[in-house]
Structure formats: C-alpha cells, structure tokens
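Results of the structural survey
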Amino acid sequence: MQPRTSPRKQRRKNASAMRLVGAQVGLFRRNAGLTQEQLAARVCAEYETVASIEQGRRPLKPELAEELDTLLHTGGALAVALEHLPEMDKYPVWAAEFVDREREALTLSSFQNQVVPGLLQTEAYARAVFRSRVPVLDEDEIEQQVASRMERQEILQQRVPPSVSFVVSHAVLMDRLGGMETWREMMRHLRASCGTPGVTVQIMPFGRRTHAGLDGPFVLLETPDHEHLAYTETQRGSQLVSEPDEVSILARKYAMLRTQALNSEESRDLLDRLLGEA
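Description of the structure in this document. (Residues numbered from 1 in each chain as written. Predicted model: local features only at pLDDT ≥ 70, side-chain atom pairs only at ≥ 80, totals over all residues. Heavy atoms only, no water.)

1. Side note on the packing of helix 7 (residues 123–131) against helix 8 (residues 139–152)
Formally: Working convention: axes come from line fits to C-alpha atoms, limited for helices to the stretch in contact. Angles between N-to-C directions cover 0 to 180 degrees. The numbering of helices and of strands both runs from the N terminus, where a helix is a DSSP run of H or I of at least 4 residues and a strand a run of E of at least 2. When describing relative orientation, an angle under 35 degrees is termed roughly parallel and one over 145 degrees roughly antiparallel, while 65 to 115 degrees is termed roughly perpendicular and anything else oblique. Crossing chirality is assigned from the near helix's rotation relative to the far helix, an anticlockwise turn below a right angle marking it left-handed and a clockwise turn marking it right-handed. Residue contacts follow a heavy-atom distance rule, with two residues in contact if any of their heavy atoms lie within 4.5 Å.
Two numbers describe how helix 7 lies on helix 8: the axes approach to 9 Å, and their chain directions differ by 135°. Judged on the interaxial angle alone, helix 8 and helix 7 are oblique. In the crossing of helix 7 with helix 8, the sense of the turn from one axis to the other is right-handed. Across the interface between the two elements, Glu123, Ala126, Arg127, Val129, Phe130 and Arg131 of helix 7 pack against Glu139, Ile142, Glu143, Gln145, Val146, Arg149 and Met150 of helix 8.

As structure tokens, then:
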C-alpha cells in the first residue's frame, strides 16, 4: 500500500504544478511579443488574472488554456499540460463536498462572525486571512488557498447565479486584516456587492440584547434537487449537515438572524459611513 501524501506536501506539489504552467504561459506570451496587459485584453480577462496565472498564484482553467493555445499558436501545449497535471486537492477533505454542493446550489444563506464571507472576499483580504492561520502556512500554500477561494466566487458571476444572503457581524467590519488599504478595498467591494443581482448583505449591529447566532458561523444551501443542507465550521474542521432536524434548527436560527440584523438599506448606509470615516 502506497503511503498517503500529507496535506502539506500535497499542497506544495499543487503549488509547484501551478508555477510550472504559469511559467509556460509567460514564455509563450513573451514569444508572441505581448505584454501581460495586451494578453489580458486579447482574451477579455483582467490584467491581475493573467499576472496571477503566470506567477503560479491562480490555476489556469481548461477553457482559457484552449483560448491561449489558439491565440499564442502553441500547438495545444497548454491544454495538454493541464490534462497531465496531477489531480489537485484544493480543499480539506471536510470542506470538499460542501464546495461541490456550493458550486451548483440554488440558494445560499451565510452567517459569519469572524471574517468577511469567502464568497465576498477580495484577493488581498483572502491573503491576509490565510496569513493569519496558526500554524503558519508557507507562501505557496497561501497562494494556492487564495486562488481556490477566488475560483469559488465565480458562482456569483454565472448566467443564472444562485440567490445568496449574507448576515455579517459588525465586528468583522472593524478588523483591519492586511492593513488599511486592504480593509478599504474590502469595504468598497462589500458595498458594491450589495448591488449585485441576487445578493443580499445584512449587517448584525453592535449592542444586541438577543442574538440567534452565538454558537458560531454556518451556511445553508439548497441543491438543484431541492435538498436542504447546512455547513458548520469549527476550529479543527467542519461538517456538512444533512439531517433534516438539524438543518431545520439552523434554518430557524438564520431566519431569526435576518430579523435581528440591519435591513439591506441600513446595511448599505453603515458601509457608506465606515468608508466615509476611514
């Protein structure tokens, strides 16, 4: 029986594979006489996306690989490279099933009292979150986790996105993870997210005399088969909850949290005030 690769070693292998593919993209781009900005414009992508891929901080997707192969006349080299990469374990075992369900969910409802929800985080803020982990993660691990988090957010950009509700503790907005500039960017992005179709953001204010979410953060989701699930996080792992009675309890908590939080308009006003005072 082959010895099982440790999660840390697997993440390093994944990061090395991403750097290798990124280096190939950079080589082909330079051979074509293009800058990163020019390449990004040609494939209708953000400059940061191209830069992150070349630096091995973001995985190259098959669709973009095929487009780059055509544009850069590589003879299909990038698509072939992706096909022969080892399967990447992007997420811890306990979170992998949830991420799969999240990708196809019809609805998502998230309560967070420690950090901005992952689906709303900016890249810099996500990097600050992972740099706060104890034990400390090395830079390769951090970049892989950031890339995976950014990839998850694409569900909000789908042609038919899910209906998503977030309740976020006011205390989360007061932390300055990553420094003031990262915080300002995060708050601006959170404020802009309030206007995204299908997305509702509510802030749980300070000074509550009752609070339905004191047991910690959780997420509710509805699958395409109309199955209702929940996901709860702890210090040393998390669990996907499918037992109807347990999901019902969390659903009732979330309904109460939404009544206790500021409404959408009040939450936007609070974000405007925070940005104005910064």
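That covers the picture; the talk isn't over yet.
2. Re the side chain of glutamate 143
To be explicit about the condition: Nitrogen and oxygen atoms within 3.5 Å of one another constitute a polar contact, given that in protein one can donate a hydrogen and the other can accept it, and given that sequence-neighbouring residues count only through two side-chain atoms.
Looking at the secondary structure, you find glutamate 143 in helix 8. Polar side-chain contacts of glutamate 143 include one of 2.9 Å to the side chain of arginine 127. When sequence neighbours within four positions are dropped, the list of residues in contact with glutamate 143 reads Arg57, Arg127 and Arg131.

3. Regarding the packing of aromatic side chains
Two numbers describe a pair of aromatic rings. These are the distance of the centres and the angle of the planes. So the rule is basically this: Here is the rule: rings of Phe, Tyr and Trp (six-membered ring for Trp) pair when centre to centre is within 6.5 Å. Planes less than 30 degrees apart are stacked, more than 60 are edge-to-face, and the remainder are tilted. Partly exposed residues are those whose accessible area sits between 20% and 50% of the maximum for their type, while under 20% is buried and over 50% is exposed, using a 1.4 Å probe and protein chains only.
One pass over the structure, following the stated rule, counts 3 aromatic pairs. Ring centres of phenylalanine 98 and tyrosine 231 lie 4.1 Å apart, and the angle between their planes is 10°; this geometry places the pair in the stacked category. Here phenylalanine 98 is found in helix 6 (residues 93–103), whereas its partner tyrosine 231 is found in strand 5 (residues 228–234), with 133 residues between them in sequence. Here phenylalanine 98 falls in the buried class, since its relative accessible area comes to 3%.

4. Looking at the pairing of strand 4 (residues 218–222)
To keep it simple, the criterion reads: A pair of strands is labelled paired if DSSP reports no fewer than 2 bridges between them.
With 5 of its 5 residues buried, strand 4 lies for the most part within the structure. Burial along strand 4 is two-sided: Phe218, Leu220 and Glu222 facing one way and Val219 and Leu221 facing the other are all buried. Direction of pairing for strand 4 relative to strand 5: antiparallel, over a ladder of 5 bridges. In the strand pairing of strand 5, leucine 220 is matched with alanine 230. Between strand 4 and strand 5, which pair antiparallel in sequence order, lie 5 residues; one of them, histidine 226, sits at a positive phi of approximately 65°.

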